[in-house]
Amino acid sequence: MSKLWGGRFTKKPEEWVDEFNASIPFDQELVLEDLEGSIAHVSMLKKCQILSGKEADQIIQGLEVLYQKAVNQELQYSVEYEDIHLNLEKLLIDEIGEVGGKLHTGRSRNDQIATDMHLFLKRRVKEIISLIDELQEGIILQADNHVETIIPGYTHLQRAQPISFAHHLMCYFWMLQRDKERLKDSLKRIDLSPLGAGALAGTTFPIDRAYSAEQLGFGAYYENSLDAVSDRDFIIEFLSNGALLMTHLSRLAEEFILWSTEEFGFIELDDSFTTGSSIMPQKKNPDMAELVRGKTGRVNGNLISLLTVLKGLPLAYNKDMQEDKEGMFDTVKTVTGSLKIFNGMVRTMKVKEKRMKDAVSNDFSNATELADYLAAKGLPFRQAHEIVGKLVLHCIQEKYYLKDVPLHQYKEYSALIEEDIYSILLPYAAVERRNSYGGTGFQQVRHQIEKGRSLLGEGQLINQ
Ligand code: ARG
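Caption draft 1: View of the site of the ligand. Looking at the ligand, the residues that line it are Ser23, Asp83, His85, Arg109, Asn110, Ile113, Tyr317, Gln322 and Lys325. In this structure, tyrosine 317 approaches the ligand through a side-chain N or O atom, which is 2.5 Å from an oxygen atom. Taking 350 Å² as the accessible area of the ligand by itself, protein coverage stands at 86%. Looking at the shell around the ligand, its residues break down into two nonpolar, four polar and three charged.

Caption draft 2: Quick peek at the nonpolar core. Membership of the largest hydrophobic core comes to 78 residues, with the highest contact counts inside it found for Phe256 and Phe342. Sort the elements by how many residues they give to this core and helix 10 (residues 233-259) lands first, with 14 residues. Look past the residues within four positions of phenylalanine 256 in its chain and what remains in contact with it is Ile267, Leu269, Phe342, Met345, Val346 and Met349. By size, the runner-up hydrophobic cluster in this structure holds 24 residues, among which are Leu35, Ile39, Ile84 and Val99.

Caption draft 3: Summary view of the environment of isoleucine 267. Position of isoleucine 267 among the secondary structure elements: in strand 5 (residues 267-268). Residue class for isoleucine 267 comes out buried when judged on its relative accessible area of 1%. Distance from isoleucine 267 to glutamate 419, taken between C-alpha atoms, is 36 Å for residues 152 residues apart in sequence. When near neighbours in sequence (up to four residues on either side) are disregarded, isoleucine 267 contacts Phe165, Phe256, Trp259, Ser260, Met349, Lys350, Val351 and Lys352.

Caption draft 4: Structural detail: the packing of aromatic side chains. Under the counting rule described, the total for this entry stands at 11 aromatic pairs. Consider the rings of tyrosine 154 and phenylalanine 264, whose centres lie 5.9 Å apart with planes at 50 degrees: the pair is tilted. A residue pair is termed long-range when its members are at least 10 positions apart, and tyrosine 154 in strand 1 (residues 150-155) and phenylalanine 264 in the loop between helix 10 and strand 5 qualify at 110 residues. What makes phenylalanine 264 buried here is its relative accessible area of 18%. Its guanidinium or amino end placed over the ring of phenylalanine 9, arginine 8 lies 5.6 Å from that ring's centre, counting from NZ or CZ. Sitting above the plane of the phenylalanine 120 ring, arginine 124 keeps its charged end 4.6 Å from the centroid.

Caption draft 5: Spotlight on unusual backbone geometry. With an omega of 0 degrees, the peptide bond running from leucine 315 to alanine 316 counts as cis. Residues other than glycine seldom take positive phi values, yet glutamine 49 does so here, at roughly 55 degrees. You can see glutamine 49 is positioned in the loop between helix 3 (31-47) and helix 4 (53-71). Phi is positive for lysine 399, close to 60 degrees, though the residue is something other than glycine. Along the chain, lysine 399 turns up in the loop between helix 15 (381-398) and helix 16 (407-413). The class for lysine 399 is exposed, based on a relative accessible area of 74%.

Caption draft 6: Local environment of helix 6 (residues 109-145). The end-to-end C-alpha distance of helix 6, which contains 37 residues, comes to 54 Å, matching closely the 54 Å that a straight helix rising 1.5 Å per residue would cover. Among the 37 residues that make up helix 6, 27 are buried, leaving the element largely enclosed by the rest of the structure. The N-cap residue of helix 6 is serine 108: its side-chain oxygen and the backbone nitrogen of asparagine 110 are 2.8 Å apart.

Caption draft 7: Region of interest: the environment of leucine 195. Within the element layout of this structure, leucine 195 appears in the loop between strand 3 (192-193) and helix 8 (209-215). For leucine 195, a relative accessible area of 2% puts it in the buried group. Separated by 84 residues in sequence, leucine 195 and aspartate 111 place their C-alpha atoms 5.2 Å apart. In contact with leucine 195, other than residues within four places in its own chain, are Gly37, His41, Asp111, Thr115, Arg209, Ser212 and Leu216.

Caption draft 8: Just the side chain of lysine 122, in detail. Locating lysine 122 in the fold gives a position in helix 6. Discounting chain neighbours no more than four positions away, the residues touching lysine 122 are Leu187, Ile190, Asp191, Gly217 and Phe218.

Caption draft 9: Structural view of the environment of serine 78. Structurally, serine 78 is set in the loop between helix 4 and helix 5 (84-96). Judged by relative accessible area, serine 78 falls into the partly exposed class, the value being 22%. Taking the C-alpha atoms as reference points, serine 78 and isoleucine 24, separated by 54 residues in sequence, lie 7.4 Å from one another. In this structure serine 78 touches Ile24 and Asn87, once residues within four positions along its chain are discounted.

Caption draft 10: Geometry of helix 19 (residues 442-455). Taking 1.5 Å per residue as the helical rise, helix 19 with its 14 residues ought to reach 20 Å, and the 20 Å between its terminal C-alpha atoms agrees with that figure. Its buried side turned inward, helix 19 meets helix 6, strand 1, strand 2 (158-164), helix 7 (165-190) and helix 18 (427-432).

Definitions and cut-offs
Residues numbered from 1 in each chain as written. Predicted model: local features only at pLDDT ≥ 70, side-chain atom pairs only at ≥ 80, totals over all residues. Heavy atoms only, no water. Near = heavy atom within 4 Å. Polar contact = N/O pair within 3.5 Å; in protein donor to acceptor, adjacent residues only side chain to side chain. Areas by Shrake-Rupley, 256 points an atom, 1.4 Å probe, with all protein chains shown as cover. Nonpolar A, V, L, I, M, F, W, Y, C, P; charged D, E, K, R; others polar. Core = buried A, V, L, I, M, F, W, Y, C linked by side-chain atoms within 4.5 Å. Buried < 20%, exposed > 50% of the residue type's maximum accessible area, 1.4 Å probe, protein only. Helix = DSSP H or I, 4+ residues; strand = E, 2+ residues; numbered from the N terminus. Contact = heavy atoms within 4.5 Å. Phe/Tyr/Trp six-rings, centres within 6.5 Å; stacked < 30°, edge-to-face > 60°. Lys NZ or Arg CZ within 6 Å of the ring centre and 35° of its normal. Expected span 1.5 Å × (residues − 1).

Functional significance is not addressed by these values, which are geometric in nature.
So, in structure tokens, the structure goes:
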């Protein structure tokens, strides 16, 4: 076998050098996109009469045969042919004879690979967007059932103020909403065709870039041929969006892990998303949530890795850029898998309302209620804060909570405190009264859920 670029060489690299050079072990994932790009390119060559109708039809038929074989996973690749492009060109020539050698007229692997990556990412980003939609729907379904379920809200992982569990869940809805908007926005920059940029400078053939871009369903094409073959910022942007999305999921993962401990006991994850221990029969481990938390590391790594590859790289194409692929594939796979896992986990988790209720009944997360009560009666908030602080200290010494302090005792701290304080201190009342826009008050949370539903497009799936 000889290299498709072998003309100016007197000897071939050794096999282990070929192996180091090759991207075929991983870029075969782009096989369908590469074939589609080639079909569009040849259709354009035909339209522009660069190839005869007969030649172009022969090549397109050959490419279609390869496409079917690729779908059936019948293609055999070799590291000697380095990458998906040269492997397919070789397979095409084997399939239809020498005319297959005309496929590469007026293009380069440099615009070809960039085209493949744009096509691939455009599809995957759309899939990821719809997986985010599904997870958001799952969150809304749970939130809708738990508007009046109350949990302690935390700051510094110390109990702070009681909040609606739905409010807590909906916080993730909004993070995901922004992740989705970022991905949607990035589509503008992914939906660009580099095809026809050639190696770096364009081509002498009278090609029609608009036509091939349109054949591939691209909304626009690059204005500058150097930019078209050197740009990987659309991938970096995706890796960054993926890293941020995973960071959000990792926070929810951490909360699920904490909440399903004996110590918290706020939720139970479904058996289908947990695993057992090989030695401790009682264990039910939140492995899937832990894996999402852990996999955030590799997704962050993929971002830093490509940023580092591109840093200081001169124009135009350099082989360094072959290193753009594995991280991108890995982020697509990891983000896709993590979203599916979370969608299942959120929809099937059991919420232990009683544990949540007990948690807020016996703590000091209602201390702000008392301070606000005094401030509403005209006491400067700073003084109210001081009084309540002293009362909390008193309770800790007496081993009871604010709800247990007798009225006469309260009066020793402030004459402003009346009998109505006991109803004010109830966690339910504390949540209900936080009715400022976007607050945890039930009315506000219901409003948020409604808004979320309408953002999901009147959610056909939601109401079932
Ligand atoms: N396998 C190469 C890559 O992924 C394709 C482009 C190669 N171009 C070249 N001139 N060697 O980057």
